[in-house]
Amino acid sequence: MFQGASAINLDAKGRMSIPAKHRDALAVQCEGRLTLTKHPHGCLLFFPRPVWESHREQIAAWPMSARAWQRIFLGNAIDVEMDSAGRILISPELRTAVGLNRDVMLLGMGTHFEIWDAAKLAENEQEAVAGAMPDVLSNFSF
């Protein structure tokens, strides 16, 4: 179960270091084999390969009416591997598609991660808090 936020800097080549707290789990779960794809909310989805393969099968089975969504998720998917230093290379196409610059946030979302431009994530979170709470949360409490 991946959770928590990590502030990370992309290097000049677009490489991102996976935080040590997740690196070992990813090495065991998928031998460092990962998949990145675009999300329409403006971030990247980052999956251990076995988790992605399950999603990929489901997405590929969607009807023709969902072809545009298949293009977003499947058409932008890129397989990557952690290098010996625990880094992954985020392609220029994906960095440009979601506006990733130097400062990024890696968010653990249970079975996968989201990678956000740090400023865009802060803006999104402010908008979410300022907006109405979804009905599904009306009876939720800590």
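Residues numbered from 1 in each chain as written. Predicted model: local features only at pLDDT ≥ 70, side-chain atom pairs only at ≥ 80, totals over all residues. Heavy atoms only, no water.

(A) Molecular detail of the pairing of strand S3 (residues 33-39). Where burial is concerned, most of S3 is hidden: five out of the seven residues are buried. In the sheet, S3 pairs with strand S5 (residues 78-81) via four bridges, with the strands oriented antiparallel. Across the sheet, the residue bridging to Leu-34 is Val-80, located in S5. In this structure, S3 lies alongside strand S4 (residues 43-48), joined through six bridges in antiparallel fashion. Each residue of the ladder has a partner; that of Leu-36, found in S4, is Phe-46. Taking the residues between adjacent antiparallel strands as the criterion, S3 and S4 are bridged by three residues, where Gly-42 takes a positive phi near 100 degrees. (Buried < 20%, exposed > 50% of the residue type's maximum accessible area, 1.4 Å probe, protein only. Helix = DSSP H or I, 4+ residues; strand = E, 2+ residues; numbered from the N terminus. Pairing = 2+ DSSP bridges.)

(B) Main features of the packing of aromatic side chains. Tallied over the entire structure, the rule returns six aromatic pairs. Pairing Phe-47 with Trp-52 gives two aromatic rings, centres 5.3 Å apart and planes at 45 degrees, and the pair type is tilted. Across the pair, Trp-52 and Phe-47 agree in class, each one buried. Counting every residue linked through ring pairs, the aromatic cluster contains Phe-2, Phe-46 and Phe-113. (Phe/Tyr/Trp six-rings, centres within 6.5 Å; stacked < 30°, edge-to-face > 60°.)

(C) Just the pattern of salt bridges, in detail. All chains considered together, the criterion is met by three salt bridges. With a closest N to O distance of 2.8 Å, Arg-87 and Asp-83 form a salt bridge. Take Arg-87: its relative accessible area is 24%, and that puts it in the partly exposed class. Under the relative-accessibility criterion, Asp-83 is labelled partly exposed at 28%. (Salt bridge = Lys/Arg side-chain N within 4 Å of Asp/Glu carboxyl O.)

(D) Representation of the UniProt feature "domain: SpoVT-AbrB" (unreviewed entry) in the protein within the structure. Here, the residues flagged by UniProt with the feature "domain: SpoVT-AbrB" (unreviewed entry) are residues 5-51 and 77-120. The annotated region residues 77-120 carries 23% helix and 45% strand content, and the separation between its end C-alpha atoms amounts to 21 Å. (UniProt positions renumbered as here; feature names shortened; annotations may be inferred.)

(E) Representation of the pairing of strand S8 (residues 113-117). Within S8, five of the five residues are buried, leaving the element largely enclosed by the surrounding structure. Covered by surrounding structure in S8 are Phe-113, Ile-115 and Asp-117 together with Glu-114 and Trp-116, the residues of both alternating faces. The pairing of S4 with S8 spans three bridges and is classified as antiparallel. When the sheet's bridge partners are listed, Leu-45 is paired in S8 with Glu-114. Between the end of strand S7 (residues 103-110) and the start of S8, which pair antiparallel, lie two residues.

(F) Highlighting the environment of His-55. Inspection of the secondary structure puts His-55 in helix H2 (residues 49-60). For His-55, a relative accessible area of 31% gives the class partly exposed.

(G) Highlighting the layout of surface pockets. There is about 160 Å³ of room inside the largest pocket. Looking at the largest pocket, the residues that line it are Ala-128, Val-129, Gly-131, Ala-132, Met-133, Pro-134, Leu-137 and Phe-140. Taken together, the residues of the lining of the largest pocket break down into seven nonpolar, one polar and no charged. (1 Å grid on protein atoms, 1.4 Å probe; cavity = no way out; pocket = protein on both sides within 12 Å on 5 of 7 lines; lining within 4 Å. Points joined across faces, edges and corners; volume = space filled by probe spheres on them. Nonpolar A, V, L, I, M, F, W, Y, C, P; charged D, E, K, R; others polar.)

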